[in-house]
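# Structural features, examined
Here's the letter readout for the chains.
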Amino acid sequence: MNKRHFIQTTAALAATLAFGNAHAQTAIKFQLDWRFEGPAAFFLQPVAKGHFKAAGLDVTVDSGNGSGGTVTRVASGTYDMGFADMAALMEFHANNPDAPNKPVAVMMVYNNTPAAVLALKKSGITKPADLSGKKLGAPVFDAGRKGFPIFEKANNISNVAWTSMDPPLRETMLVRGDIDAITGFSFTSLLNLEARGVKAEDVVIMPYADHGVKLYGNAIIASPKLIAENPAAVKAFLTAFAKGAKEVMANPTAAIDTVKARDGIINVGLETRRLQLAIDSVVASPDARAEGFGQVNPGRLALMASQVSDAYNTKTRINPATIWNGSMLPAAADLNVLPPARK
């Protein structure tokens, strides 16, 4: 009996181990660029719906405090992957040429930068040229502010004076009249202005993408270590993400529930609008439709690298070939996620 019990126990243990190995999940720590707001649904949806799990991944998604921090934390190995502004990634590469673990972009999500200049109509500012000689405000690390020299050059603007502040004060200072205009993400600053009593029709929005500045926005980035050791996991992540992104864009209202589950105090109506604005302006933009979701145009990427090198005054010139690795993108059918164009 003892011998038979030993054999049965050994067989059961072997079966358990085999089952466990067959269902082993690759752990991936992922950091967002910002708080759990509407656009975070793109990453929380595939977690909530089990797409990552079905792909063999155990993905944890944490909030962030800016693209620069996300790039640094992926570079340090604290996170395996993240969501960050392409310009911030380029800046890190150029200013840290000897860093051993420089993150690489593996999928484009915001085909256009959300950066924009916003002003109140009552200021008389209606177009970029009206910004000459005006006082602009933004946090020093704001992507729109750092990239403003590119916008400035493209629109022949001159003699702009800058005021710095913490992010929560940006829109407040514009409403108070302390500054004439601000830079910020269009879908964030517009809603922040509305929350301060300004009507949408009283705001002038000048998106960089509509005024001669074709910078890419946020991309999914990955650690070179993860890419070298487990490229299949990166591809599995991107495929599951694309599936979730398609669902989010097909029904943003339902997708906001995944954000609410992570931050119970969000304003659901506001964040649904923020998500829809992000989809319309930077995810399913005309440029994204032309280039294909998730992908980049090499010529456009090279131009951006040169522009960012100049605008950010980086220590070394940015080499676009070291920034992007599209070899793990899903198949074309899996990238067919954009909703029909709005008429």
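Coordinates for the structure precede this section.
What you see is a predicted model; the values in this text were computed from it and never measured.

## Regarding the sheet that holds strand β9 (residues 203-207)
Hydrogen bonds along the backbone pair up the strands of a sheet, which may run parallel or antiparallel. The strand order across the open sheet formed by 5 strands is β7-β6-β8-β5-β9, and the pairing between neighbours is mixed. Since the sheet does not close on itself, it has two edges, and those belong to β7 (161-163) and β9, each with one partner. Here the strands of the sheet are splayed against their neighbours by 30° on average, with no regard to which way each runs. Pairing of strand β5 (residues 115-120) with strand β8 (residues 181-185), which is carried by 5 bridges, proceeds in the antiparallel orientation. Across the sheet, the residue bridging to A116 is G184, located in β8. Running over the sheet, helix α9 (residues 186-195) touches β5, β8 and β9 and is turned about 125° from β8.

## Re the packing of helix α4 (residues 67-76) against helix α5 (residues 86-95)
Across the interface, α4 lies against α5 with an axial gap of 9 Å and an inter-helix angle of 50°. Relative to α5, the element α4 lies oblique. Along this stretch, α4 crosses α5, giving a crossing that reads as right-handed. Packed against α4, whose contacting residues are S67, G68, V71, T72 and A75, the element α5 presents A88, L89 and F92 at the interface. Tallied by class, the residues present in the contact of α4 with α5 amount to 5 nonpolar, 3 polar and no charged.

Reading the values: the criteria
Here the residue numbering is sequential within each chain, running from 1 through the sequence in written order. Reporting of local features is limited, given that this is a predicted model, to residues whose pLDDT is at least 70; pairs of side-chain atoms are given and counted only at 80 or more, and all residues count toward the totals for whole chains, interfaces and linings. Hydrogens and waters are ignored; side-chain quantities use all the structure's heavy atoms. Here a strand pair is declared whenever DSSP counts at least two bridges between the two strands. Put simply, DSSP H or I for four residues or longer makes a helix, DSSP E for two residues or longer makes a strand, and each gets a number counted from the N terminus. Only the contacting stretch of a helix is used when fitting its axis, a line to C-alpha atoms as for every element, and angles between N-to-C directions run 0 to 180 degrees. Contacts were defined at the residue level, with two residues in contact if any of their heavy atoms lie within 4.5 Å. Any angle that is under 35 degrees is reported as roughly parallel, and any over 145 degrees as roughly antiparallel; angles of 65 to 115 degrees are reported as roughly perpendicular and all others as oblique. Left-handed is the label given to a crossing in which the near helix is rotated counterclockwise from the far helix by less than a right angle, and right-handed is the label when the rotation is clockwise. Any residue that is not Ala, Val, Leu, Ile, Met, Phe, Trp, Tyr, Cys, Pro, Asp, Glu, Lys or Arg is counted as polar, Gly included; the first ten are nonpolar and the last four charged.

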